[in-house]
Amino acid sequence: MSVVEVSTNYGGRTLTLQTGKLAKQTDASVLARYGDTMVLVTVVSSKKLATQDFFPLTVDYQEKYYAAGRIPGGFFKREAKPSDKATLSARIIDRPIRPLFPEDYMFETNVVATVLSTDGVNEPDLVASIAASAALHISDIPWNGPVACGRVGCINGDLVMNFAPADAETTTLDLLVSSVRTGVVMVEGSAKEVSEKLLNDAIYYAHEQMQAILDLQDELKSKVGRTKREYEKPKRDETLKKQMHKDLWPDFGKAFAVREKLARYQALDDVHKKADKKFKVAEAKTEEDTTRNKLVGIYYEELKATYARELTINSKARIDGRAYDVIRPITCETGLLPRVHGSGLFTRGETQVLAAVTLGTADDEQRIDSISGQYQKTFMLHYNFPPFSVGEARPLRGPGRREIGHGFLAERALSFVMPSKEIFPYTIRLVSEVLESNGSSSMATVCSGSMALMDAGVPIPKPVAGVAMGLIKEGEKIAILSDILGDEDHLGDMDFKVCGTNDGVTAFQMDLKIGGVSRMIMEQALEQAKAGRLHILGEMNRSIDKPRESVSLYAPRIHTIKIKPEKVREVIGSGGKVIRGIIEQTGVKIDIEDDGSIHIASVDEVSAAKAIDIIKKIVEEAEPGRIYEGPVTRIADFGAFIEIIPGTEGLCHISELDLHRVRRVEDVVKIGEIVRVKCLEVEPSGKMRLSRKALLNQPRENEADDTGVAAEEGAEIKPTSPSDYFADSAAPEQELDNSTLMKDPEDRPLREARRISSRDRVGGGGRGGSRDRGPRGSGGGGRFDRGPRSEGSGGGRGGYSGQRGGGRDASSGPPREGGFRPGGRDEGRGGRGGYGDRDRGPAGGGREGGHQRSERDGNTRDAGYRDSGREPRDDRYNSSEPNFNDRSYQDQPRHDRGGGGRGPRGPRPDRGDRGDRGGRGGYDRPAPRVADSRGPSDDDRFNRAAPERGGRGRWEEDESRAPAPRYHRDDDE
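Residues numbered from 1 in each chain as written. Predicted model: local features only at pLDDT ≥ 70, side-chain atom pairs only at ≥ 80, totals over all residues. Heavy atoms only, no water.

A.B. asks: Describe the nonpolar core, listing the residues and the values that go with them.
C.D. replies: Counting 163 residues, the largest nonpolar core has Met244, Ile428 and Phe496 as the members making the most contacts within it. Of all the elements, helix H2 (residues 124-138) adds the most residues to this core, at 10 residues. When sequence neighbours within four positions are dropped, the list of residues in contact with Met244 reads Trp249, Ala275, Phe279, Val296, Tyr299, Tyr300 and Leu303. Listed in part, the 19 residues of the second largest apolar core include Ala622, Val632, Ile642 and Met688. (Core = buried A, V, L, I, M, F, W, Y, C linked by side-chain atoms within 4.5 Å. Buried < 20%, exposed > 50% of the residue type's maximum accessible area, 1.4 Å probe, protein only. Helix = DSSP H or I, 4+ residues; strand = E, 2+ residues; numbered from the N terminus. Contact = heavy atoms within 4.5 Å.)

A.B. asks: Give me the sheet that holds strand S26 (residues 639-645): which residues, what numbers.
C.D. replies: Read around the closed barrel, the 5 strands follow the order S25-S26-S27-S29-S28; overall the barrel is mixed. Recorded for the sheet is a direction-independent mean angle of 55 degrees between the axes of neighbouring strands. Pairing between S26 and strand S27 (residues 648-653): 6 bridges, direction antiparallel. The residue of S27 that forms the bridge with Ala640 is Cys652. (Pairing = 2+ DSSP bridges. Axes fitted to C-alpha atoms, helices over the stretch in contact; angles between N-to-C directions.)

A.B. asks: Before we move on, can you summarise the sheet that holds strand S10 (residues 183-194) with the specific residues and values?
C.D. replies: Reading across the sheet, the 8 strands line up as S8-S7-S9-S10-S21-S20-S18-S19 and stay open at both edges, with antiparallel pairing between neighbours. Each edge of the sheet is formed by a strand with only one pairing partner; in this case those strands are strand S8 (158-161) and strand S19 (477-482). Between one strand and the next, the sheet's axes are offset by a mean angle of 20 degrees, whatever the strand orientation. Note that strand S18 (residues 465-474) and S19 share 6 bridges and pair antiparallel. The residue of S19 that forms the bridge with Leu471 is Ile480. On the sheet, helix H1 (residues 84-97) packs against strand S9 (173-180), S10 and strand S21 (504-512) and is oriented at approximately 135 degrees with respect to S10.

A.B. asks: Residue-level account of the environment of Pro419, with values.
C.D. replies: Tracing the sequence through the fold places Pro419 in the loop between helix H8 (401-415) and strand S17 (427-436). Between the C-alpha atoms of Pro419 and Val458, which are 39 residues apart in sequence, the distance is 7.7 Å. Non-local contacts of Pro419, meaning those with residues more than four positions away in its chain, are made with Phe424, Val458, Pro459 and Ile460.

A.B. asks: Kindly report on the environment of Ala113, identifying the contributing residues and their values.
C.D. replies: By the element assignment, Ala113 lies in strand S6 (residues 107-117). C-alpha of Ala113 to C-alpha of Tyr61: the two residues are 52 residues apart in sequence and 4.8 Å apart in space. In contact with Ala113, not counting residues within four places along its chain, are Val39, Leu40, Val41, Asp60, Tyr61, Gln62, Ile93 and Ala128.

A.B. asks: Describe the packing of H1 against H2, and please don't skip the residues or the numbers.
C.D. replies: Following both chains from N to C, one finds H1 and H2 inclined at 40 degrees, their axes separated by 9 Å at the closest point. In this structure, the crossing between H1 and H2 has a hand that is right-handed. Contacts between H1 and H2 involve Ser89, Ile92, Ile93 and Ile97 from the first element and Asp125, Ala128, Ser129, Ala132 and Leu136 from the second. In the contact of H1 with H2, the residues fall into 6 nonpolar, 2 polar and 1 charged. (Left-handed = near helix turned anticlockwise from the far one by under 90°. Nonpolar A, V, L, I, M, F, W, Y, C, P; charged D, E, K, R; others polar.)

Put into structure tokens, the structure is as follows:
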């Protein structure tokens, strides 16, 4: 057989059907390709007549994991039992093709669909359905096809065919429709509260679009050119059938007059026994006797169905006496089972279903491994149909195709109202136990399941109900039946189920045994179904109309907290050590998601609260302004590291340990000591600046600060320094030309700013630091102040921004290049001021007249750490002289400086010993004042000085004495 291939455009993509290349020993095989999805369907029908009295058709659907480039999960790593999705796909193929086989065709037939390739865009189930129809159509097997299949959706109000899975969230409708030339024969799908009109429009829109697929299959058949086989038909005996009709018809009338199901079945069984006794051969000895006995059974079933159909059409009354649109009596009950999380009992006539809800955590999610990938289900509905529900005595078996299909339909109907995981972070399992069945147990499952969910406290927005509808059509006479019985389902021409809320349809399923129905009949049936559904919802609302306010006492409470995703690893810990410890300590269940959501589940609220507290402490982050308490973990020369949060520590700089100057960190805190600190700042990198000093006693009331203003608690102290003046007077974008500023003797605002910054002190010179001052009894000139020039009493020059201090006298040498001047050569002079932003060594160490450096860390200068808490950099603090041209040095902050002058230097021939000098103070708070710390009166304050104490310096207007540039100098020394 040569290869034959046909193609057409279907939903914007090409659909190709090919035969003659693969599986050539079958009765027919078709390879269908839609995009990159490929399905091979084979059909084989036996040529030997089966002995059973029903059509033995089997349809199998195989998902091959290699089709998606995956290896199956599990131990065996190979495909085994069909998944629920594969079973549902097989039902989608089976339901539309089964009614199209001849009624007298009793040969075993097998249809196998194998998924060979899947692209994740084009669903293989609808491709398999088309390929199965094409294979039967071109084979010699008797069949009245073809059938087309397609998926219709509604996106932004427009009906579309075969939408991609990516659009599933945006479509309000998802219907899989199968159709023949004359009409639709199967519908399966879900909706988001759509109207009955939109549902009907979608069904017939799909019917129109699928005509091209029917044409494609006819084209393939014409090219293959095979004719249908002749088959042995079961023998018929019309004389026997007429005789049975005459004798049994009145008995059927009496039996169908019984309203109760089991009693009616007993009456019908009596009629069957009468037929067997009267028309069967007691001891079949020949083949004719065996055939006659078989025909008696077939004719009995045919006569029973005919009587019931005619009774319904002609009398306008149904088997149980109801009118067409009447729903059987309904009773509802919730809370029937005391220890389950939620339960609902729904009884409608002789159909009764008990639903039970169990609430679990993320550990209870169903993890599914399919060819489309792995995913989790948080809502599961399991439908059980035991044999006792229909009064049969047979062993229990696992769920079959019917149970899986009915459960899936009910799950679809309820899925629309299920809350999102963010709102209700539980895994929900709903089990339906069919206790009685006489029609539509799947719709009773929807009703009882909805009540059980509300009884469990699941916050569904609306209750959902379902109703099963039937159709009997005899010529022009039709009967649309609401809430059908089991017998009406069996003998009717259509069975369709509609589920939904008060506001619209959420799930729909339909099967026709005839070649389609008119649109008018479908509209009438849908409107009648809506009336029945609203009636059922009203009965349900009498029992429960909204969810309970809280979940059952026996259900776990789930508390959800949100943390930063980067903190998840801290909660889990290395190898899960941290989270396991929390679970062992509290006994709770903890589920962590990648987005930082943590769900803590426990029946005990105390345990849950304890677990939440532990997690919050683990992920807690420091906040500026908050007060913390923790142990000292490390001590360095520049401060102490304190663990304020478990696993998180910050630095309390030495300048923030106490109100007074601290020489050694160990003088204030020890390792392991619990310290109470305030978080001042959290840098973007996560580093924290802490302060113990901020929590100590505030300055006394009415104590004046350095500007003479009384200090108030929490008041901001604004320093008055040339840097403040520069910041105010210069544009932000303008780089200061310091040399110009320094050379301009008429720059009075600048001089005034410097004059304001100076103060007289008892026992020493002017100010030492730029903001807060150190001890005031020994040396240290002001920032720009100079002591008097008389020998023996010169004040030390205050250091600022790279300028050196040092007393002056008449014999002071010429200014150094860059504005630096040598200090006085006589004893009693003030010590040097601080270099810019650097802290110097211990305070009080004057020079001894030499030039030799004291050693620290080799041959480096004895300079202190900067107030920021960082250790000195090699290129700045370990050199013989600082590089003032280095921009990184210039940009360092000038606040938070410690005290300390330079260490002693070796002898120098041309210099004498120097006296003590004051170091720079800290930043936050002025040092305590001593009595009578002010200098002489304003009249002569610049000219008076006590013995051995530098007087207050002043700004000289002599241009030759102008200070050095603020930032730069040419240091060629």
